[in-house]
Amino acid sequence: MGDRSLVTAADVRLMQGLAQRVTAVSPDLVGTDASFGELAWNWGKDHASAGESWPRKLWFDSDFGDGGGEAGSGGGDLVAWGWAQLPRQVRRNDGSVKDVTSAYLAYQVHPDQRELLDEVIDWYDATAAGLERTVIPQAADDFGLERWAAHGYEPDPAALGDNGSWTQLNARDLDDLERPALPDGFRFRTADEAGPQAAVQAHVAAWAPSPYTAESYEGVRRTPPYRGDLHVLVEAPDGTMAASTIMWLDEVNKTAEFEPVGTHPDYRRRGLGRAMLLHGMHLARDAGATHMTVACLGAPGHPGARGLYYSVGFRKFSQDVPLIKA
């Protein structure tokens, strides 16, 4: 069995720092679950319920001599990490329980130390021994795809199919922004204004059935760089929270990321999502961002979110390649 040290809040801050450095030099190599904002969102919402199934390994630039070191032991900059997500039960708000039976790896390796990827893979294989293992490297990472293949990982045909789960990252600059327009009676709110109950209600309604709870949101609120003034909701005339999104601002790279984006099923196809995204980009620009990103499913069978993002100026920037080792 591999290293079973569990992911901590301090680890996530180190991972976010590596995400910022990789974004600055090779943004198309930033992993699906390794971006500055995605790390915050995934840690914040789930660590209270799933953290016991999250072993991790960290590699620092000062620790090459002994094959990698732990946070605080070797010093220097974090240059690689692996975050394994092992089997667990996910309890949702409708009373259902989802059994996760396979392992998944989120990871990032700085391109200047790409040779460490073999150590990351070896650690993952030891940590998840006996389990079906999945991982999602980036399509632009030729070296990474070669190394995963050398360790027995193959393209996942189900995930890569026309109705598959592969994702693409979309990007745009914030120079020229259209003004948002909501239907009569609807209004924009921030989570700071609307409060925690409204923020949770908006997310659960959009993603039902969902494991998201008040405890989940409290974890998100406490995870840097969360800002309640960059957490936008759309309130319907009857007080229902009809849509919501969070923007994660990376001040170092002057970029912001939408994650998540959701609309209540009773309020879809009314232009609320489009208006919310435009409003959010104005807020992000006012906060200092010059560039915006958002991820979505990229397969042909999932055109909805992609069409929404394209309608407000986003275009595909990169995509991932789901791999599996049975």
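See the structure printed just above.
Just so we're clear, the structure is a prediction, and the values are computed from it rather than from any experiment.

Colleague: Provide a residue-level description of the packing of helix α1 (residues 9-25) against helix α2 (residues 36-50), including the pertinent values.
Modeller: Running from amino to carboxyl end, α1 crosses α2 at an angle of 160 degrees, the nearest separation of the two axes being 8 Å. Taken together, the axis directions place α1 and α2 in an arrangement best described as roughly antiparallel. Relative to α2, the crossing made by α1 is right-handed. Residues A9, V12, R13, M15, Q16, A19 and Q20 of α1 form the contact with α2, whose own contacting residues are F36, L39, A40 and W43. Grouping the amino acids of the contact of α1 with α2 by side-chain chemistry returns eight nonpolar, two polar and one charged.

Colleague: Give a detailed account of the packing of aromatic side chains, specifying residues and quantitative values.
Modeller: Tallying each qualifying case throughout the model produces eleven aromatic pairs. Arranged with centres 6.2 Å apart and planes meeting at 75 degrees, the rings of Y309 and F314 form a pair that is edge-to-face. By relative accessible area, which is 0% here, F314 ends up buried. Through a chain of ring-to-ring contacts, three or more aromatic side chains come together here, namely Y107, Y124, W148 and Y153. The residue whose ring lies beneath R114 is F143, and the NZ or CZ to ring-centre distance is 4.4 Å. The ring centre of Y310 lies 5.1 Å from the NZ or CZ of R315, which sits over that ring.

Rules used in this analysis
Residues numbered from 1 in each chain as written. Predicted model: local features only at pLDDT ≥ 70, side-chain atom pairs only at ≥ 80, totals over all residues. Heavy atoms only, no water. Axes fitted to C-alpha atoms, helices over the stretch in contact; angles between N-to-C directions. Helix = DSSP H or I, 4+ residues; strand = E, 2+ residues; numbered from the N terminus. Parallel < 35°, antiparallel > 145°, perpendicular 65-115°, else oblique. Left-handed = near helix turned anticlockwise from the far one by under 90°. Contact = heavy atoms within 4.5 Å. Nonpolar A, V, L, I, M, F, W, Y, C, P; charged D, E, K, R; others polar. Phe/Tyr/Trp six-rings, centres within 6.5 Å; stacked < 30°, edge-to-face > 60°. Buried < 20%, exposed > 50% of the residue type's maximum accessible area, 1.4 Å probe, protein only. Lys NZ or Arg CZ within 6 Å of the ring centre and 35° of its normal.

Without other data, these values stay purely geometric and don't point to any function.
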